[in-house]
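# Structure at a glance
If you want the building blocks of each chain, they are given just below.
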Amino acid sequence: MNAELGPDLTSDPLGWALPPWTRAEAQAIHDLPFNDLLFRAQTIHRENFDPNRVQLSRLLSIKTGGCPEDCGYCSQSSHHQSGLKASKLMEVKRVIAEATKARDAGATRYCMGAAWRSPKERDMDAVVAMVEGVKALGMETCMTLGMLDLGQAQRLKQAGLDYYNHNIDTSERYYSEVISTRTFADRLDTLANVRDSGMKVCCGGIVGMGEEKADRIDMLVTLANLPEPPDSVPINMLIPIEGTPLGEADPIEPIEFVRTIALARIMMPKSHVRLSAGRTAMSDEMQALCFFAGANSIFVGDTLLTAENPGEDKDSALFRRLGIKPFAREAL
């Protein structure tokens, strides 16, 4: 291996490290000169994906606000004074209508999120009907409903749910600084139930919450060392929301954010790395660097649950400038 690209961490013929990862191995790559890091990430990206295709997903809040969890970044927590009012679970017909519009606009994956600690049994029939209806449109389906037991996960799998999103948010060390109403181990238990049901895991985290560089690296080490790395890895840049404990958090430095994307791509070569929340605060140039570093999935639409998201016109214009095209539905 070229010594300029860092230590030969494994016996892999290409010189790329393989799991299980240690913090030292991951940090050695993270700390490479920026150009070497991006070269390495782009090389791995091209080995596994079309470098000029990005997956378009749409996210709909099917139940907003009133969540009993106290996640320090979230406007939907009942613990915070964000001014967001709680809503009831959306009607199934409306969800299917919104999904149809998203499909017709080019989205290939439809994600549905509910502000729950975990779904209640009385809501499961409606949730299952939503999955079945969106699946019938020919779209990939994803949900995030909080913690799941194995029986709930199996029922969602039987309904046709392709992915379940449950982010670990940050490192195990820093987790209690952000959330106190559930543990890091609770997160991992839900991920295990999702895997055991046969669904694909969508799991990432949030950066810019006051964590240290080591926490971002440890978060990715945890994800990459799961029994199976997540198929989707959303990397969110904190959107500070007034009335939440992290409403005045200092933003992460842009180059450091790109390094996080690149490290995720290198450590999880076959995963979709999603450039998620926070894109409204990113310049076109920053997003372009993220795509070069291996991000190949975004959420489209004007809103992302309760936060602003770049409009589809702006995304389309950026894609044209970069020569990027959406994933074709038949390729999924």
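Anything mentioned here points back to the structure above.
Notes on the structure in this doc start here.

Cut-offs used in this document
Residues numbered from 1 in each chain as written. Predicted model: local features only at pLDDT ≥ 70, side-chain atom pairs only at ≥ 80, totals over all residues. Heavy atoms only, no water. Helix = DSSP H or I, 4+ residues; strand = E, 2+ residues; numbered from the N terminus. Buried < 20%, exposed > 50% of the residue type's maximum accessible area, 1.4 Å probe, protein only. Contact = heavy atoms within 4.5 Å. Areas by Shrake-Rupley, 256 points an atom, 1.4 Å probe, with all protein chains shown as cover. Pairing = 2+ DSSP bridges. Right-handed = clockwise from strand over helix to strand, strands pointing away. Salt bridge = Lys/Arg side-chain N within 4 Å of Asp/Glu carboxyl O. Axes fitted to C-alpha atoms, helices over the stretch in contact; angles between N-to-C directions. Parallel < 35°, antiparallel > 145°, perpendicular 65-115°, else oblique. Left-handed = near helix turned anticlockwise from the far one by under 90°. Nonpolar A, V, L, I, M, F, W, Y, C, P; charged D, E, K, R; others polar.

## A few points about the overall build of the chain
- Counting its secondary structure elements, the chain contains eleven helices and twelve strands.
- For the chain, the residues scored as buried account for 56% of the 332 residues in total.
- Within the chain, counting contacts between residues at least 6 apart in sequence, those at least 24 apart form 73% of the total.
- Carbon and sulfur atoms form 50% of the exposed surface of the chain, whose accessible area is close to 14,200 Å².

## Overview of the pairing of strand β9 (residues 297-300)
- The alternating pattern of β9 places Ser297 and Phe299 on one face and Ile298 and Val300 on the opposite face, and all of these are buried.
- Across four bridges, the pairing between strand β1 (residues 53-63) and β9 is parallel. Of the residues in β9, the one forming a bridge with Arg58 is Val300.
- A crossover links strand β8 (residues 272-275) with its parallel partner β9, the connecting element being helix α10 (residues 284-292), and its sense is right-handed.

## Considerations on the pattern of salt bridges
- Under the counting rule described, the total for this entry stands at 17 salt bridges.
- With a shortest N-O distance of 2.6 Å, Asp215 and Arg173 are connected by a salt bridge. Of this pair, Asp215 sits in helix α8 (residues 213-224) while Arg173 sits in helix α6 (residues 172-178), and the two are 42 residues apart along the sequence.
- Measuring nitrogen to oxygen at the nearest pair gives 2.8 Å for the salt bridge that ties Asp315 to Arg279. Placement of the pair is Asp315 in helix α11 (residues 312-322) and Arg279 in the loop between β8 and α10, with a sequence separation of 36 residues.
- Bridged by salt links that share partners, the residues Glu69, Arg117 and Arg182 form one connected network.

## Considering the packing of helix α3 (residues 92-104) against helix α4 (residues 121-135)
- As a packed pair, α3 and α4 sit with axes 9 Å apart at the nearest point and diverge in direction by 25°. The pairing of α3 with α4 is recorded here as roughly parallel in orientation. The two elements α3 and α4 cross, and the hand of that crossing is right-handed. Of the residues in α4, those in contact with Val92, Val95, Ile96 and Ala99 of α3 are Ala126, Ala129, Met130, Gly133 and Val134.
- Class assignment of the residues belonging to the contact of α3 with α4 gives a composition of eight nonpolar, one polar and no charged.

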